[in-house]
Amino acid sequence: MAFHWQGGWFFERLDKGNVRIYHEYITESGETKRDFNLEIDADSWCSIVASVSKAGETADTWKEIGLF
């Protein structure tokens, strides 16, 4: 199940901890189209989230975010 942020942007955690970010929109004919699809590996995603957290990226914040 994906988290919808706004404006058709979705975030979805995959089975191996990877994260998929994608954008969907509805065409004039009512069809759902995806025009952006990115998969980020679990280790990189943990680094991204930790680096923008208030505490910054450390070994502890990285582990906490990854729930390893």
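For the structure itself, consult the block above.
Side note on the overall build of the protein
Step number 1: When you go through the protein residue by residue, the secondary structure sums to two helices and four strands.
Step number 2: The globule rule puts the C-alpha radius of gyration for 68 residues at 11 Å, and the 15 Å found for the protein is more than 25% above it.
Step number 3: A buried classification covers 25% of the 68 residues belonging to the protein.
Step number 4: The contacts in the protein between residues at least 6 apart in sequence include a share of 13% that link residues at least 24 apart.
Step number 5: Roughly 5200 Å² of accessible area belongs to the protein as shown, and the carbon and sulfur atoms make up 54% of that amount.
Step number 6: Counting 7 positive and 12 negative side-chain charges, the protein places the centres of these two groups 3 Å from one another.

Points about the pattern of salt bridges
Step number 1: Applying the stated criterion across every chain yields a total of four salt bridges.
Step number 2: Between E24 and R34 there is a salt bridge, with the nearest N and O atoms lying 3.1 Å from each other. With a gap of ten residues between them, E24 in strand β3 (residues 19–26) and R34 in strand β4 (residues 32–40) connect regions that are remote in the sequence.
Step number 3: Here E31 makes a salt bridge to K33, at a shortest N to O gap of 3.8 Å.
Step number 4: By relative accessible area, which is 41% here, E31 ends up partly exposed.
Step number 5: By sharing partners, the salt bridges in this structure join E12, R20 and E39 into a single network.

A short note on the sheet that holds strand β2 (residues 9–13)
Step number 1: Here four strands make up an open sheet; going across it, the order is β1-β2-β3-β4 and the pairing antiparallel. Sheet topology places β1 (3–4) and β4 at the edges, where each strand pairs with a single neighbour.
Step number 2: Of the strand pairs in this sheet, β3 and β4 are connected by eight bridges, and their pairing is antiparallel. The partner of Y22 across the bridge, within β4, is N37.

Quick notes on the packing of aromatic side chains
Aromatic rings considered in pairs are described by the distance between their centres and by the relative angle of their planes.
Step number 1: Tallied over the entire structure, the rule returns two aromatic pairs.
Step number 2: Seen in terms of ring centroids, W9 and F36 are 5.3 Å apart; in terms of plane orientation they differ by 65 degrees. Their pairing is edge-to-face. One end of the pair, W9, is in strand β2; the other, F36, is in strand β4, with 27 residues separating them in the sequence.
Step number 3: Accessibility expressed as a relative area gives 29% for W9, which makes it partly exposed.
Step number 4: When the centroid spacing of 5.1 Å and the interplanar angle of 10 degrees are considered together, the rings of F10 and Y22 count as stacked. With F10 in strand β2 and Y22 in strand β3, this pair connects stretches of sequence that are twelve residues apart. Both residues of the pair, F10 and Y22, belong to the buried class.

So, how was this worked out
Residues numbered from 1 in each chain as written. Predicted model: local features only at pLDDT ≥ 70, side-chain atom pairs only at ≥ 80, totals over all residues. Heavy atoms only, no water. Helix = DSSP H or I, 4+ residues; strand = E, 2+ residues; numbered from the N terminus. Rg over C-alpha atoms; globule rule 2.2 N^0.38 Å. Buried < 20%, exposed > 50% of the residue type's maximum accessible area, 1.4 Å probe, protein only. Contact = heavy atoms within 4.5 Å. Areas by Shrake-Rupley, 256 points an atom, 1.4 Å probe, with all protein chains shown as cover. Lys, Arg positive; Asp, Glu negative; His and termini not counted. Charge placed at Lys NZ, Arg CZ, Asp CG, Glu CD. Salt bridge = Lys/Arg side-chain N within 4 Å of Asp/Glu carboxyl O. Pairing = 2+ DSSP bridges. Phe/Tyr/Trp six-rings, centres within 6.5 Å; stacked < 30°, edge-to-face > 60°.

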